[in-house]
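# Per-entry structural report
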Amino acid sequence: MAGSKVYISKTLAATTVLMTFSAIIGIITMIAVYQLEVMSLPPTKPPEPTTTETIPTGPPPSMRLPGNVIPESYKVFLQPYLYTEISNVTNQTFLFTGNSTVQLRCMEKSKNIFLHSKDLVLKAIRLTDLDENVNLEVTHHVNESDSDSNFLEIRVENEVLRENGSYSLFTAFEGILHDDLEGFYRSEYEDQASGEKRFLAASQMEPTDARKVFPCFDEPAMKAYFEITIIHREGTTALTNWPMTASGSNTIIIDGESWLVTPFATTSKMSTYILAITVSDFTSQPSPHREGIKVWARPDAVDAKHTDYAATITVPILEYYEEEFGIKYPLNKLDEIALPDLGPGAMENWGLITYRESALLFVEGVSSETNKEWIATIIAHELAHQWFGNLVTMNWWNEIWLNEGFATYMAYKGVDKVEPSWNVKDLIVINEVQEALEVDALTTSHPLCSAEEDIQTPSDIAGLFDVITYSKGAAVLRMLSYYIGENQFKMGIRSYLNEFKYSNVVQKDLWRHLQQAVDDAHRLENVEDVMKSWTQQVGYPVVTVNTNDGKVYQEHFLLNKTEHMSTLQWQVPIITVKDGSTDKPITFLLTDEVTKSEFKSDRWVLANVNRTGFYRVNYNKENWQRLIQQLETRPNEIFTINRGQLIDDAFNLARAKYVNVTLALDTTKYLKNDTEYIPWQSAVHNLDYFILMFDRSEVYGPMQAYLRKQVIPLYEYFENYTIHSEVPESHTAQFNQINAISVACANGFKNCTDMASSLFNRWRENDTYQPIHPNLKTTIYCNAIAAGGEDEWEFAWERFQNSTVATERDKLRYALSCTKQIWLLNRYLQYTLDPNKIRKMDAVSTIIYIARNVAGQALAWDFVRAQWNYFSQQYDGGIIALGELIDEVTLRFSTEYELQQLKQFQAEHGEDSLGSASRALEQAIERTEANIKWVKENKRTVLEWFRRESKTAY
Ligand code: BES
Ligand code: ZN
């Protein structure tokens, strides 16, 4: 039939060719071609009933793209209309328009093409057969009823796509730059000199929002080349992943206004989720170490040198990775940009890494040591992704831990390179291993690697960005690296990256390369066998060492062990030391029960040296007593990490009823003689559970008395610094000073609370002089606001609104949640619904802070329930973790009544409206049940223990 093929006119063909060569012509023709393209569209006919067609036409059976047609390269034009400055225009607009031409390869005879498109208005669609040079008649269909798939289906009428045929699909579209932090969105900030609002456009594609920017095959394995051109207003700078082409930007006039057309070089083969675009009036600071590396931010922030620290550490970390991974960073540019609004803390987009301001801008004299560590960590994390994720990508989201686990693990090595005095390689135990062990002890946890078919919808995918993926991922990699040897690990990683660069992987590929490195070193470890037990199975074991008979065995560690029998077994690399022994540590791989005669001993044995293994250790009573005795006499004979471990394991074993709760509490008695951060942090963290369970009961008084008694020596150890608002030299000592103040003040140690209030008041009386050291601000602001009333709150709120330094704003935003005044907390909760007061990216964490405050707990839970529809509409499927919200707001739940409320909430909202929070809600229910039991069984004992121990003199 004549109408079924539309031959391309010669002029149109010629203009299309020209477009690829010249930027100016590109844009002019873009507009012209666009008109032509729209006109050249064949009239859309009503779909004809299919006759005896054998080629499948229906939707694919899952949410996954069928793979019958795959993208090879895209040309994308995007034009955001917003004005960065609105003082001299009346009609700000958030529209963006664009078009995309994607070259396709047809893998099998097909009638349709599925790709993704979300919230875009399609203006034109054209499918061209490139082999025959003809346009094909198509109809398109957006499946509205199944909103999770976001499929845009292109149906080919009267024709069939040939196997191996080359096609190109043109789409023209419009969208809106919302303030929703997803896809192509808008952000704003205040210019300091003028006090005026400024706007910018930015993007966040991961995991599934590239489809909101242009129609695309939005799956990580659908890698392609991208050639992006941005048409943006004069006076703004556009950035994307790759550098601008050599020809640079050109000015054109559209409707009397000046625009710049900026063409960017074609990318390497890459996934859609790491694409990025920003259009802003930002300026940049170049790295002093290497050409092409820049840190971008608001002009005020760059002028004030807030970008210095990031610009200094980026290149050394990058070069360390180049060396460690044996592959150069493949681009000649890297932009890191601090955005006023961003969903995650940072995003690793290839060549254009986006950060929240608090994750990139370090303000000397204002930002704290904690802020600095976070900036270094997050930079190191995102840089590691340039290899793990960007160059080599998981095949599907079920193995996202190959991205996030690696980046988290490597970040510690990267930071260690630039800040060796920080000892971050020890801190991984507190920040990742300990966190992951906690979550993974719940029956509602999940394996590191889910089944591919279980991860389908955007919210399934968003739900995977959790502690297991990040922290357990990092923890098991660390374990493996010690088990097979760091050098073998490095060699295996190098060949893995090298083989799979620009393509996709599954876990097995990693194991194979690590195995090769092990074999090459003539070692005997079996990588896959060992690792499968850690990545495919949920949970981890508790290893019991009995020094009476030398027996060592493992079982699945579950907080709620009575209800769930589990027979899971792991391959557990064990490293042990023995009191008084000068021999090398005893190492072995535990699978089944063994008897080790070396362990039959009347001196203590300690397993999991430096906590390199992802498991807990239990001992016979006698050995526990010997270890506690050692802590009380000469604590330093046990490594710092292991002192923390003994406390953490004891507390968790007590919660799971392997040991008495008093044994756990006994591990904290020696702390009055320890000033190290790791054991203290471990204790503070675990006692936090007691605080959550008991701060609404009569246990609280004696508990506070005990904590006060324990912390006073530590407080006094740092007091000379604290009262002068100074800090010690060492990184971890600085952290422990904060612990000392927080614990002392929270438990009513008067010297502390007076100190906090008086420093805060000095600031309030003269707010041009800040007497509080940046490290101490968070805790001092919080304690002063907790002790104060409306005036203190209002002062902090005003400072919050006036500060342009994100790290300072974050400290104040937290401290505002510390008030005990119910009405202030209630009003503060309401503020989280108003993006002019609390930015959207901060709403969830602000509610979490309020729920952490015992006075705000119930308010926050009521608020979350009342506003659930708002939150799930605003944030689900996106990066803002609704799961985390549920998880944190229900942490204190430990009564039947609270359990009923949770169950009712679950019943009222089906899976659909819970979205990515549905697993978190199940976990909250499980945890609440466990808490109820635990409180019932332990309250009396705990009360007596605290009473007794708070009385004994120290
Ligand atoms: N790829 C993530 C950002 C992300 C997270 C995108 C979830 C989409 C969904 C990025 O690399 C990341 O992991 N950021 C972390 C910081 C990191 C230091 C743990 C974050 O934002 O918290
Ligand atoms: Zn990451």
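Residues numbered from 1 in each chain as written. Chains lettered and ligands numbered in written order. Predicted model: local features only at pLDDT ≥ 70, side-chain atom pairs only at ≥ 80, totals over all residues. Heavy atoms only, no water.

Under an unreviewed UniProt entry, the name given to the protein chain is Aminopeptidase, and the organism recorded is Denticeps clupeoides. The UniProt entry for the protein chain carries this comment under Subcellular location (unreviewed entry): "Membrane". (UniProt positions renumbered as here; feature names shortened; annotations may be inferred.)

## Some thoughts on the coordination of the zinc ion (ligand 2)
Taken together, the protein donors to the zinc ion (ligand 2) comprise His381 (NE2), His385 (NE2) and Glu404 (OE), at separations of 1.9 to 2.1 Å. Of note, the donors binding the zinc ion (ligand 2) are all from one chain and are spaced H-x3-H-x18-E. Remark: glutamate 404 occurs in helix 6 (residues 401–418) and histidine 381 occurs in helix 5 (residues 369–385); sequence separation between them is 23 residues. Side by side, histidine 381 and glutamate 404 carry an identical accessibility label, which is buried. (Donors = N, O, S within 2.8 Å, 3.2 Å for Na, K, Ca; no water. Helix = DSSP H or I, 4+ residues; strand = E, 2+ residues; numbered from the N terminus. Buried < 20%, exposed > 50% of the residue type's maximum accessible area, 1.4 Å probe, protein only.)

## Considerations on the UniProt feature "domain: Peptidase M1 membrane alanine aminopeptidase" (unreviewed entry) in the protein chain
Per the UniProt record, "domain: Peptidase M1 membrane alanine aminopeptidase" (unreviewed entry) is found at residues 309–534. When the span residues 309–534 is considered, its composition is 57% helix and 8% strand, and the gap between its end C-alpha atoms is 38 Å.

## Thoughts on the pairing of strand 8 (residues 151–156)
Counting buried residues in strand 8 gives 5 out of 6 residues, a clear majority hidden from the surface. In this structure, strand 7 (residues 138–142) lies alongside strand 8, joined through 5 bridges in antiparallel fashion. Counted as the bridge partner of valine 138 is valine 156 from strand 8. (Pairing = 2+ DSSP bridges.)

## Description of the environment of leucine 558
On the secondary structure map, leucine 558 appears in the loop between strand 25 (551–556) and strand 26 (572–578). With 115 residues separating them along the chain, leucine 558 and threonine 443 place their C-alpha atoms 6.8 Å apart.

## Notes on the site of ligand 1
Residues in contact with ligand 1 amount to 17 residues; listed here are only the nearest, Glu206, Gly345, Glu348, Glu382 and Tyr470. The contact in question runs from a nitrogen atom of ligand 1 to an N or O atom on the backbone of alanine 346, over 3.4 Å. The contact in question runs from an oxygen atom of ligand 1 to an N or O atom on the side chain of histidine 385, over 3.0 Å. Here ligand 1, which alone exposes 520 Å², has 86% of that area covered by the protein. Counting only elements with at least two residues in the shell around ligand 1, the list comes to strand 20 (346–347) and helix 5. Top contributing element to the shell around ligand 1 by residue count: helix 5, with 5 residues. (Near = heavy atom within 4 Å. Polar contact = N/O pair within 3.5 Å; in protein donor to acceptor, adjacent residues only side chain to side chain. Areas by Shrake-Rupley, 256 points an atom, 1.4 Å probe, with all protein chains shown as cover.)

## Considerations on the sheet that holds strand 26
Pairing in this open sheet of 3 strands is antiparallel, and the strands run 27-26-29 from one edge to the other. At either end of the open sheet lies a strand with only one pairing partner, and these are strand 27 (586–590) and strand 29 (605–607). On average, adjacent strands in this sheet sit at an angle of 30° to one another, irrespective of strand direction. (Axes fitted to C-alpha atoms, helices over the stretch in contact; angles between N-to-C directions.)

## Observations regarding empty space enclosed by the protein
Under the counting rule described, the total for this entry stands at 7 cavities of 30 Å³ or more. Counted as a void, the largest cavity has a volume near 190 Å³. Residue contributions to the lining of the largest cavity peak at 8 residues, all from helix 30 (residues 918–951). Residues belonging to the lining of the largest cavity are distributed by class as follows: 6 nonpolar, 4 polar and 7 charged. (1 Å grid on protein atoms, 1.4 Å probe; cavity = no way out; pocket = protein on both sides within 12 Å on 5 of 7 lines; lining within 4 Å. Points joined across faces, edges and corners; volume = space filled by probe spheres on them. Nonpolar A, V, L, I, M, F, W, Y, C, P; charged D, E, K, R; others polar.)

## Examining helix 4 (residues 308–325)
Spanning 18 residues, helix 4 covers 27 Å between terminal C-alpha atoms, matching the ideal 26 Å at 1.5 Å per step. Where burial is concerned, most of helix 4 is hidden: 13 out of the 18 residues are buried. (Expected span 1.5 Å × (residues − 1).)

## Some points on the packing of aromatic side chains
A complete count under the given rule lists 61 aromatic pairs for this structure. Relative to phenylalanine 465, the ring of tryptophan 397 has its centre 6.4 Å away and its plane inclined at 55°; by these criteria the two rings are tilted. Here phenylalanine 465 lies in the loop between helix 8 (458–462) and helix 9 (467–484) and tryptophan 397 lies in the loop between strand 22 (392–394) and helix 6, a separation of 68 residues in the sequence. With relative accessibility at 25%, the residue phenylalanine 465 sits in the partly exposed group. For the ring pair phenylalanine 760 and tyrosine 781, a centre distance of 6.1 Å and an interplane angle of 70° mean the geometry is edge-to-face. (Phe/Tyr/Trp six-rings, centres within 6.5 Å; stacked < 30°, edge-to-face > 60°.)

## Digging into unusual backbone geometry
Looking along the chain, the bond that leaves glutamate 206 and enters proline 207 is cis, with omega of -5°. Inspection of the secondary structure puts proline 207 in the loop between strand 11 (197–204) and strand 12 (225–233). Despite not being glycine, asparagine 608 shows a phi value in the positive range, around 70°. As for its position among the elements, asparagine 608 is in the loop between strand 29 and strand 30 (616–619).

## Some remarks on the state of the cysteines
Counted according to the given criterion, the structure contains 2 disulfides. In this model, cysteine 745 is linked to cysteine 752 through a disulfide, with the two sulfur atoms separated by 2.0 Å. One quick way to see it: the torsion about the S-S bond of cysteine 745 and cysteine 752 is about -100°, and its sign makes the bridge left-handed. The disulfide that involves cysteine 782 links it to cysteine 818, with 2.1 Å between the sulfurs. Around the S-S axis, the bridge from cysteine 782 to cysteine 818 shows a dihedral of about -100° and counts as left-handed. Of this pair, cysteine 782 sits in helix 20 (residues 774–787) while cysteine 818 sits in the loop between helix 22 (806–815) and helix 23 (822–831), placing them 36 residues apart in sequence. For cysteine 818, a relative accessible area of 6% gives the class buried. Along the protein chain, the cysteines engaged in disulfide bonds are linked according to the scheme 1-2, 3-4 when indexed in sequence order. (Disulfide = S-S within 2.5 Å.)

## What to know about the confidence of the model for the protein chain
Of all residues in the protein chain, 92% have pLDDT values of 70 or greater, and the mean over the chain is 91. This model gives residues 1–29 a pLDDT under 50, and the stretch forms 43 contacts once residues within four places in sequence are excluded. Residue range residues 31–51 is modelled with pLDDT below 50. Its contacts to residues more than four positions away, or to other chains, number 29 contacts. (pLDDT = per-residue confidence, 0-100. Contact = heavy atoms within 4.5 Å.)

## Some details on the sheet that holds strand 21 (residues 352–356)
Strand order in the open sheet formed by 5 strands is 17-18-19-21-20, and the pairing between neighbours is mixed. With one partner strand each, in any of the chains shown, strand 17 (283–286) and strand 20 form the two edges of the open sheet. Contacts between helix 5 and the sheet are confined to strand 19 (334–339), strand 20 and strand 21, with strand 21 contributing the most and set at about 150° to the helix.

## Things to note about the side chain of lysine 709
Within the fold, lysine 709 resides in helix 17 (residues 700–723). For the buried lysine 709, which has no salt bridge, the nearest side chain bearing the opposite charge is glutamate 949, at an N-O separation of 4.8 Å. Polar side-chain contacts of lysine 709 include one of 2.5 Å to the backbone oxygen of glutamate 949. (Lys, Arg positive; Asp, Glu negative; His and termini not counted. Salt bridge = Lys/Arg side-chain N within 4 Å of Asp/Glu carboxyl O.)

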